[in-house]
Amino acid sequence: MQGLRITIEVLIGSIILGYLMAFIAGFCRLSKNPIIKYLTIFYVEVFRGTSLIVQLFWLYYALPILFGIDLGSDYMAGVLAIALNYGAYMSEIVRGSILSVAKGQTEAATALNMSSFQRMRLVIFPQAVRMMLPEFGNYLIQMLKATSLVSLIGMNDILYYGDILRSSNLSQAPTVYFLVLIFYFIMALPLIWLTKKMEAASKKGVAS
């Protein structure tokens, strides 16, 4: 229970920053500016193509040593690593959902003399969001599981205290890790419920 607060704080921070990064990177991938587009592609491919643990260690250990960049706290390093990693994955969901909206919708909005911003805000984006919801829900659960990695940089989360209990009595290791598993499962239950609600919302008004 002592580590529950840290786990929840890291999860909330990762969700907020992760979804923000997903939308920013998703829209940048669709930009007509080649510099913005290819810088975003570089970010997405690097963070999708490397391990989250390595990214976490880079942000926490390597950046201060190599470049003198101090993120200020282990919390910021943990949240930033999870958010940048999952933001890269979710940006592809944003980009793909926007491109999946029927071209006829754009043509109809153009015929109504809407600007490109109005077309995106009023016609394309609302439809794309509905397609994003199911996958976004799944990534909520993925980010919860990823929060366990912050114990590797000394954050006092659930797994950190589990390791302390296990190290003090090795014979109790199976019991300790079973309880840790139960903790994460209980925390995942509301996210699973929310995911199902998001899936149901995405299907409203859509022909089966």
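Residues numbered from 1 in each chain as written. Predicted model: local features only at pLDDT ≥ 70, side-chain atom pairs only at ≥ 80, totals over all residues. Heavy atoms only, no water.

- As annotated in an unreviewed UniProt entry, the chain carries the name Amino acid ABC transporter membrane protein 1, PAAT family and comes from Lentibacillus persicus.
- Per UniProt, the chain has the following entry under Sequence similarities (unreviewed entry): "Belongs to the binding-protein-dependent transport system permease family."
- Regarding the chain, the UniProt comment filed under Subcellular location (unreviewed entry) reads as follows: "Cell membrane". (UniProt positions renumbered as here; feature names shortened; annotations may be inferred.)

1. Quick look at the overall build of the chain
Next, step 1: In terms of helices and strands, the chain carries 8 helices and 0 strands.
Next, step 2: Dimensions of the chain, computed from the C-alpha atoms along their principal axes, are close to 70 × 45 × 25 Å.
Next, step 3: Counting over 208 residues, the chain shows a buried share of 38%.
Next, step 4: Taking the intrachain contacts of the chain between residues at least 6 apart in sequence as the baseline, contacts between residues at least 24 apart amount to 75%.
Next, step 5: Element-wise, carbon and sulfur atoms account for 67% of the exposed surface of the chain, whose accessible area totals about 12,000 Å².
Next, step 6: Between the centroid of the 16 positive side chains of the chain and the centroid of its 10 negative side chains there is a distance of 13 Å. (Helix = DSSP H or I, 4+ residues; strand = E, 2+ residues; numbered from the N terminus. Buried < 20%, exposed > 50% of the residue type's maximum accessible area, 1.4 Å probe, protein only. Contact = heavy atoms within 4.5 Å. Areas by Shrake-Rupley, 256 points an atom, 1.4 Å probe, with all protein chains shown as cover. Lys, Arg positive; Asp, Glu negative; His and termini not counted. Charge placed at Lys NZ, Arg CZ, Asp CG, Glu CD.)

2. Some words on a nonpolar patch on the surface
Next, step 1: A cluster of nonpolar side chains, contributed by Ile53, Val54, Phe57, Trp58, Tyr61, Ile65, Leu66, Phe67, Ile69 and Leu152, occupies part of the molecular surface with about 980 Å² of accessible area.
Next, step 2: In this fold, Leu152 is placed in the loop between helix 6 (116–146) and helix 7 (158–168). (Patch = residues over 30% accessible without salt bridge, like charges linked within 9 Å, V, L, I, M, F, W, Y side chains within 5 Å. Salt bridge = Lys/Arg side-chain N within 4 Å of Asp/Glu carboxyl O.)

3. Some words on unusual backbone geometry
Next, step 1: Backbone geometry at Asn113 places phi at a positive 65 degrees, although glycine is not the residue there.
Next, step 2: Locating Asn113 in the fold gives a position in the loop between helix 5 (103–111) and helix 6.
Next, step 3: On the basis of relative accessible area, Asn113 is assigned to the exposed category, the value being 69%.

4. Description of the packing of helix 5 against helix 6
Next, step 1: Running from amino to carboxyl end, helix 5 crosses helix 6 at an angle of 160 degrees, the nearest separation of the two axes being 10 Å. Put simply, helix 5 runs roughly antiparallel to helix 6. The interaxial crossing formed by helix 5 with helix 6 has right-handed handedness. For the pair formed by helix 5 and helix 6, the contact residues are Gln105, Thr106, Ala109 and Thr110 on the first element and Arg119, Val123, Ile124 and Gln127 on the second.
Next, step 2: In terms of residue class, the contact of helix 5 with helix 6 is built from 3 nonpolar, 4 polar and 1 charged. (Axes fitted to C-alpha atoms, helices over the stretch in contact; angles between N-to-C directions. Parallel < 35°, antiparallel > 145°, perpendicular 65-115°, else oblique. Left-handed = near helix turned anticlockwise from the far one by under 90°. Nonpolar A, V, L, I, M, F, W, Y, C, P; charged D, E, K, R; others polar.)

5. Brief notes about the pattern of salt bridges
Next, step 1: For the structure shown, the criterion picks out 5 salt bridges.
Next, step 2: With a closest N to O distance of 3.1 Å, Arg48 and Glu45 form a salt bridge. Placement of both Arg48 and Glu45 in helix 2 (residues 34–49) is noted, with a separation of 3 residues, approximately one turn of the helix.
Next, step 3: Across the pair Glu92 and Arg95 runs a salt bridge, and its minimum N-O distance is 3.0 Å. In this pair, Glu92 and Arg95 are both assigned in helix 4 (residues 74–100), 3 residues apart and thus about one turn of the helix distant.
Next, step 4: Accessibility expressed as a relative area gives 17% for Glu92, which makes it buried.

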